[in-house]
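This is what each chain is made of:
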Amino acid sequence: QGVPKPFSEVIKANIGDAHAMGQKPITFLRQVTALCLYPELLSQPSIPEDAKNRARRLLDACAGHSAGAYSVSPGIDLVREDVARFLQRRDGVAADPQNIFLSTGASDAIVTILKLLVSGSEGTRTGVMIPIPQYPLYSAAIAELSAVQLNYYLDEEHCWALDVAELRRALTEGRRHCCPRVLCIINPGNPTGQVQSRQCIEDVIKFAFEEKLFLMADEVYQDNVYAKGSAFHSFKKVLFEMGPPYSEVVELASFHSVSKGFMGECGFRGGYVEVVNMDPEVKQQLAKLVSVRLCPPVPGQILLDTVINPPQPGEPSYELFMKEKQEVLSTLAHKAHLTQEIFNRTPGIRCNPVQGAMYSFPRIELPPRAVAAAEAQGQAPDMFFCIRLLEETGICVVPGSGFGQRQGTFHFRMTILPPTEKLQILLEKLSTFYTKFIKDYS
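In the annotation of an unreviewed UniProt entry, the entry for the chain reads Alanine aminotransferase 1, and the organism field reads Cuculus canorus. Heading Cofactor (unreviewed entry) of the UniProt record for the chain holds this comment: "pyridoxal 5'-phosphate". On record in UniProt, under Subcellular location (unreviewed entry), the comment for the chain is "Cytoplasm".

Here's what the structure looks like:
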């Protein structure tokens, strides 16, 4: 509206949208997708042969050899077969393409699985256990489906670890007023950036087995692991390493997406869910459920295929692909370290190590006067802080109250995606603002 602001631009550090923050697309992924969308490019000598071969193979799998045709509802068979091979390489466990359903990003698959699991009324209504802090897709979908949200708190004092005693508390409490059926895990964590240990995953699987819970493993950040000593372990791999009875009984749905990782291709809306140990009759209902929306976007399916079936050593695109991939991940690792370092230098801000994903979730102390000022305006205290931060610096972050947090604690979530130079300026600006804010309200 032309009102002068004390900053020249708004820095949107509020959403995990890598390309919007300046990350360059991975060449090979875009080449194959472009070839499929505009096959005339197949005659271009500047495009490597392996990209062309990949595109021809995918177009052959499309009805009418066109990416504009519907695919079958669970997704192109060829892509599902490629996802199964990817999972087999990742986990060392056989994967069945019939257990893989492609989706419009992971979000679509998560909502579909929740739809499948929600039933009952009042005391028998499905309870869904979700981590707090959580990704708001979960609370929104649970509310939309009129399911019951059961919160279990991650342990901030121990780097947002998941504690089975806390799961048991949430479950026992939930059983008093609903029927808990589902346990959701986000690993690596959003918004908290933690990476669960293998032991922790094993404990969670044992808990789900004992309590007959359906496990939903949101693993979309599996490529984004930065901290020394941290490693991604898929729930499926751990489940099968544990062997019977767990590997034969525990029902699991795990999710992946092209929106995060080193790709950051959010706009293509590509993803999948793999279901394990699902009753065949229930799987039939899942197939029916996904057929309602005809099919996931075909360009998203094509891009997903290039992600899980990348160039191999010796192919013309291999070196550039690996160079671009490593560049993205090493830059993110550097930015993860930079973020916790600068925040932890500021008195009153405490930031756990960003072990994975692409966010930090620092805790901030807010003086009583700031809390009172927020209440007077009908705002949550951390929302009040974030609005003031935006108005005075142009930095846009999300208040912790949007994700859930323990009573009396305040946080905000910030992505680590801005370019390094811009991120450094942003972190220092934010720290300076916080110090001034504390002084103003002390």
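Next comes the rest of the account.
A.B. asks: Which parts of the structure should I look at to understand the overall build of the chain?
C.D. replies: Tallying secondary structure elements over the chain gives 15 helices and 14 strands in all. Against the compact-globule benchmark of 22 Å for 442 residues, the chain has a radius of gyration of 23 Å, which places it among compact chains. Burial statistics for the chain: of 442 residues in total, 56% are counted as buried. When contacts within the chain are restricted to residue pairs at least 6 apart in sequence, long-range pairs at least 24 apart make up 72% of them. Carbon and sulfur atoms provide 54% of the accessible area of the chain, an area that totals close to 18,700 Å². Side-chain charges of the chain comprise 44 positive and 48 negative groups, with the mean position of each set lying 3 Å from the other.

A.B. asks: Is there a simple way to think about the pairing of strand 3 (residues 126-132) in this case?
C.D. replies: Each regular strand displays side chains that alternate between the two surfaces of the sheet. Counting buried residues in strand 3 gives seven out of seven residues, a clear majority hidden from the surface. Where burial is concerned, the two faces of strand 3 agree: the one with Thr126, Val128, Ile130 and Ile132 and the one with Gly127, Met129 and Pro131 are both buried. As defined by bridge partners, strand 3 adjoins strand 5 (residues 179-186) across four bridges and the pair is classed as parallel. Among the inter-strand pairings, Gly127 is bridged to a residue of strand 5, identified as Pro180. Relative to strand 4 (residues 148-153), strand 3 runs parallel, the two sharing six bridges. Residue pairing in the sheet places Val128 in a bridge with Gln149 of strand 4. At this point the chain moves from strand 3, through helix 5 (residues 137-144), to the parallel strand 4, and the crossover so formed is right-handed.

A.B. asks: Quick question: what am I supposed to make of the UniProt feature "domain: Aminotransferase class I/classII large" (unreviewed entry) in the chain here?
C.D. replies: When the UniProt feature table is mapped onto this chain, "domain: Aminotransferase class I/classII large" (unreviewed entry) is found at residues 47-430. Annotation note: span residues 47-430, helix share 44%, strand share 15%, distance between end C-alpha atoms 44 Å.

A.B. asks: I keep staring at the domain arrangement of the chain and nothing clicks. Help me out?
C.D. replies: Reports often express the size of an interface as the amount of accessible area lost when the parts come together. Domain boundaries assigned for the chain yield domain 1 (11-16 + 320-441) and domain 2 (60-308). Distance from the C-alpha centre of domain 1 to the C-alpha centre of domain 2: 27 Å. Listed as interface residues are 28 residues of domain 1 and, on the opposing side, 29 residues of domain 2. Summed over both partners, the interface of domain 1 with domain 2 comes to about 2,400 Å²; 55% of that surface belongs to carbon and sulfur atoms.

A.B. asks: Where do I start with the pairing of strand 5 in this structure?
C.D. replies: Within strand 5, six of the eight residues are buried, leaving the element largely enclosed by the surrounding structure. Remark: the strand 5/helix 7 (residues 198-211)/strand 6 (residues 214-218) crossover connection has right-handed handedness.

A.B. asks: Got a minute to help me understand the packing of helix 1 (residues 27-37) against helix 2 (residues 49-60) in this structure?
C.D. replies: Packed helices, taken two at a time, are described by the angle between their axes plus the distance between the axes. Contact geometry for helix 1 and helix 2: axes closest at 9 Å, N-to-C directions at 45°. As summarised for this structure, helix 1 and helix 2 are arranged oblique, according to the angle between their axes. Here helix 1 and helix 2 pass one another in a crossing that is right-handed. Along its contact with helix 1, which presents Phe28, Gln31, Val32, Leu35 and Cys36, the element helix 2 presents Asp50, Ala51, Lys52, Arg54, Ala55, Leu58 and Leu59. In terms of residue class, the contact of helix 1 with helix 2 is built from eight nonpolar, one polar and three charged.

A.B. asks: Is there a simple way to think about the environment of Leu171 in this case?
C.D. replies: Structurally, Leu171 can be placed in helix 6 (residues 164-174). Separated by 44 residues in the primary sequence, Leu171 and Gly127 place their C-alpha atoms 8.9 Å from one another. Setting aside anything within four residues of it in sequence, one finds Leu171 in contact with Met129, Pro180, Phe207, Glu211 and Leu213.

A.B. asks: Quick question: what am I supposed to make of the pattern of salt bridges here?
C.D. replies: Applying the stated criterion across every chain yields a total of 27 salt bridges. Residues Arg175 and Glu211 are paired through a salt bridge, measuring 3.0 Å at the closest nitrogen-oxygen approach. Taken together, the positions of Arg175 in the loop between helix 6 and strand 5 and Glu211 in helix 7 put the pair 36 residues apart, joining distant regions of the chain. Arg175 gets classed as partly exposed once you look at its relative accessible area, which sits at 42%. Note that Glu392 is salt-bridged to Lys436, the shortest N-O span being 3.5 Å. Of this pair, Glu392 sits in helix 14 (residues 381-393) while Lys436 sits in helix 15 (residues 420-440), placing them 44 residues apart in sequence. A relative accessible area of 27% places Glu392 in the partly exposed class. With relative accessibility at 42%, the residue Lys436 sits in the partly exposed group.

The rules behind each value
Residues numbered from 1 in each chain as written. Predicted model: local features only at pLDDT ≥ 70, side-chain atom pairs only at ≥ 80, totals over all residues. Heavy atoms only, no water. UniProt positions renumbered as here; feature names shortened; annotations may be inferred. Helix = DSSP H or I, 4+ residues; strand = E, 2+ residues; numbered from the N terminus. Rg over C-alpha atoms; globule rule 2.2 N^0.38 Å. Buried < 20%, exposed > 50% of the residue type's maximum accessible area, 1.4 Å probe, protein only. Contact = heavy atoms within 4.5 Å. Areas by Shrake-Rupley, 256 points an atom, 1.4 Å probe, with all protein chains shown as cover. Lys, Arg positive; Asp, Glu negative; His and termini not counted. Charge placed at Lys NZ, Arg CZ, Asp CG, Glu CD. Pairing = 2+ DSSP bridges. Right-handed = clockwise from strand over helix to strand, strands pointing away. Domains from an automatic or database assignment. Buried area = accessible area lost by both parts, 1.4 Å probe. Axes fitted to C-alpha atoms, helices over the stretch in contact; angles between N-to-C directions. Parallel < 35°, antiparallel > 145°, perpendicular 65-115°, else oblique. Left-handed = near helix turned anticlockwise from the far one by under 90°. Nonpolar A, V, L, I, M, F, W, Y, C, P; charged D, E, K, R; others polar. Salt bridge = Lys/Arg side-chain N within 4 Å of Asp/Glu carboxyl O.

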